[in-house]
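Listed here are the chains, written in short residue letters.
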Amino acid sequence: MQRLQAVALVLGPVVFAASPLFWVDGHYGVTGGVLIALSMIPWVFGLTGEYDRLRQRVPVIAALWLVLLLVGMLGSISFGLQGFFEAALGAPGRIGVGSFADLPPESVLVLWLPGPAFPAAMLVFGVLLVWTRSAPWWDAALICLAAVAFPLGRVLRLEWVAYVVDLLVIVAFAHLAWRAWRRAGRDAAASPGAT
């Protein structure tokens, strides 16, 4: 299980990072939208392994972070599927994010509150890594920097910023995954049934 979560820590960010390659005139499009939505599954699965570690040191804060992460997952999937449906229905100009103003309570619950929750969860995650000394400071710094810069790339659709942010995330999460993989090996060797 731990090694699957370690792999997921890399797979999620890599799939997410591929989405800007498929942007069409500043819109996610079919492929980009699907990549964003699908990337959340392995990414959050991998992060639940990190949650297990954090809750041993800061249980209440880790639980609140996990809730924020899950809300952020909803927001990311919602925005990804919004791009998918815009392109699939052939109406990106008519169905754009601005048209959700006609659905104030629903759009707030599905897009506007959960949307910023994912980068916020990444920022909190980076802070928790430093606070609990669960990872090297530079891993946490890359994650925090990426979380702060995330809106510039994704919301403003500045492709080069999105690529830089995604690269920072991949480097940080690849290192976290490597550490998780090694930790899983040590845990397996130390378990009573190990041969």
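Presented here is an overview of the structure given in this document. None of these values were measured; they are calculated from a predicted model.

Basis of the calculations
Residues numbered from 1 in each chain as written. Predicted model: local features only at pLDDT ≥ 70, side-chain atom pairs only at ≥ 80, totals over all residues. Heavy atoms only, no water. 1 Å grid on protein atoms, 1.4 Å probe; cavity = no way out; pocket = protein on both sides within 12 Å on 5 of 7 lines; lining within 4 Å. Points joined across faces, edges and corners; volume = space filled by probe spheres on them. Helix = DSSP H or I, 4+ residues; strand = E, 2+ residues; numbered from the N terminus. Nonpolar A, V, L, I, M, F, W, Y, C, P; charged D, E, K, R; others polar. Salt bridge = Lys/Arg side-chain N within 4 Å of Asp/Glu carboxyl O. Buried < 20%, exposed > 50% of the residue type's maximum accessible area, 1.4 Å probe, protein only. Axes fitted to C-alpha atoms, helices over the stretch in contact; angles between N-to-C directions. Parallel < 35°, antiparallel > 145°, perpendicular 65-115°, else oblique. Contact = heavy atoms within 4.5 Å. Patch = residues over 30% accessible without salt bridge, like charges linked within 9 Å, V, L, I, M, F, W, Y side chains within 5 Å. Areas by Shrake-Rupley, 256 points an atom, 1.4 Å probe, with all protein chains shown as cover.

On to the layout of surface pockets, then. Counted as a void, the largest pocket has a volume near 350 Å³. Lining the largest pocket are 18 residues, with Tyr28, Phe79, Gly115, Arg154 and Val155 sitting closest to its centre. Of all the secondary structure elements, the ones that give two or more residues to the lining of the largest pocket are helix 3 (59-88), helix 5 (104-112), helix 6 (114-132) and helix 7 (137-154). In terms of residue count, the dominant contributor to the lining of the largest pocket is helix 6 (4 residues). A per-class count over the lining of the largest pocket returns 13 nonpolar, 3 polar and 2 charged. Considering only enclosed or pocket space, the second largest pocket measures out at about 280 Å³ in volume. Contributing to the lining of the second largest pocket are 18 residues, with Gln2, Gly49, Arg53, Arg183 and Asp187 lying nearest its centre. Listed by contribution, the elements that provide at least two residues to the lining of the second largest pocket are helix 1 (2-18), helix 2 (29-57) and helix 8 (159-190). Of all the elements, helix 2 adds the most residues to the lining of the second largest pocket, at 7 residues. Split into classes, the residues belonging to the lining of the second largest pocket amount to 4 nonpolar, 6 polar and 8 charged.

Attention now goes to empty space enclosed by the protein. Using the criterion set out here, one finds 1 cavity of 30 Å³ or more in the structure. The computed volume of the largest cavity comes to approximately 110 Å³. Taken together, 13 residues line the largest cavity, and the ones lying closest to its centre are Trp43, Met122, Phe150, Val165 and Val169. At the level of secondary structure, the elements contributing two or more residues to the lining of the largest cavity comprise helix 1, helix 6, helix 7 and helix 8. In terms of residue class, the lining of the largest cavity is built from 12 nonpolar, no polar and 1 charged.

So, on to the pattern of salt bridges. Counted under the stated rule, the structure contains 4 salt bridges. Taking the shortest distance from any N to any O, the salt bridge between Arg183 and Glu50 comes out at 3.5 Å. Of this pair, Arg183 sits in helix 8 while Glu50 sits in helix 2, placing them 133 residues apart in sequence. For the pair Arg183 and Glu50, one class covers both residues: buried. Its salt-bridge partner being Asp166, residue Arg154 comes within 2.6 Å of it at the nearest N-O pair. With a gap of 12 residues between them, Arg154 in helix 7 and Asp166 in helix 8 connect regions that are remote in the sequence. The same class applies to Arg154 as to Asp166, namely buried. Residues joined in a network through salt bridges with shared partners are Glu50, Arg53 and Arg183.

Another point: the packing of helix 5 against helix 6. Direction vectors running N to C along helix 5 and helix 6 enclose 20°, while the axes themselves pass 5 Å from each other. In terms of axis orientation, helix 5 runs roughly parallel to helix 6. Across from Val108, Leu109, Val110, Leu111 and Trp112 in helix 5, the residues of helix 6 making contact are Pro114, Gly115 and Pro116. Classifying every residue of the contact of helix 5 with helix 6 by side-chain character gives 7 nonpolar, 1 polar and no charged.

With that settled, consider a nonpolar patch on the surface. Taken together, the side chains of Leu152, Val155, Leu156, Leu158, Trp160 and Val164 make up a nonpolar region of the molecular surface, amounting to roughly 610 Å² of accessible area. Of note, Leu152 is situated in helix 7. Given a relative accessible area of 41%, Leu152 falls into the partly exposed group.

Let us look at the side chain of Ser134. Assignment of secondary structure puts Ser134 in the loop between helix 6 and helix 7. Judged by relative accessible area, Ser134 falls into the buried class, the value being 2%. Not counting residues within four places of it along the chain, the set of residues in contact with Ser134 comprises Arg53, Leu54, Arg57, Leu129 and Arg179.

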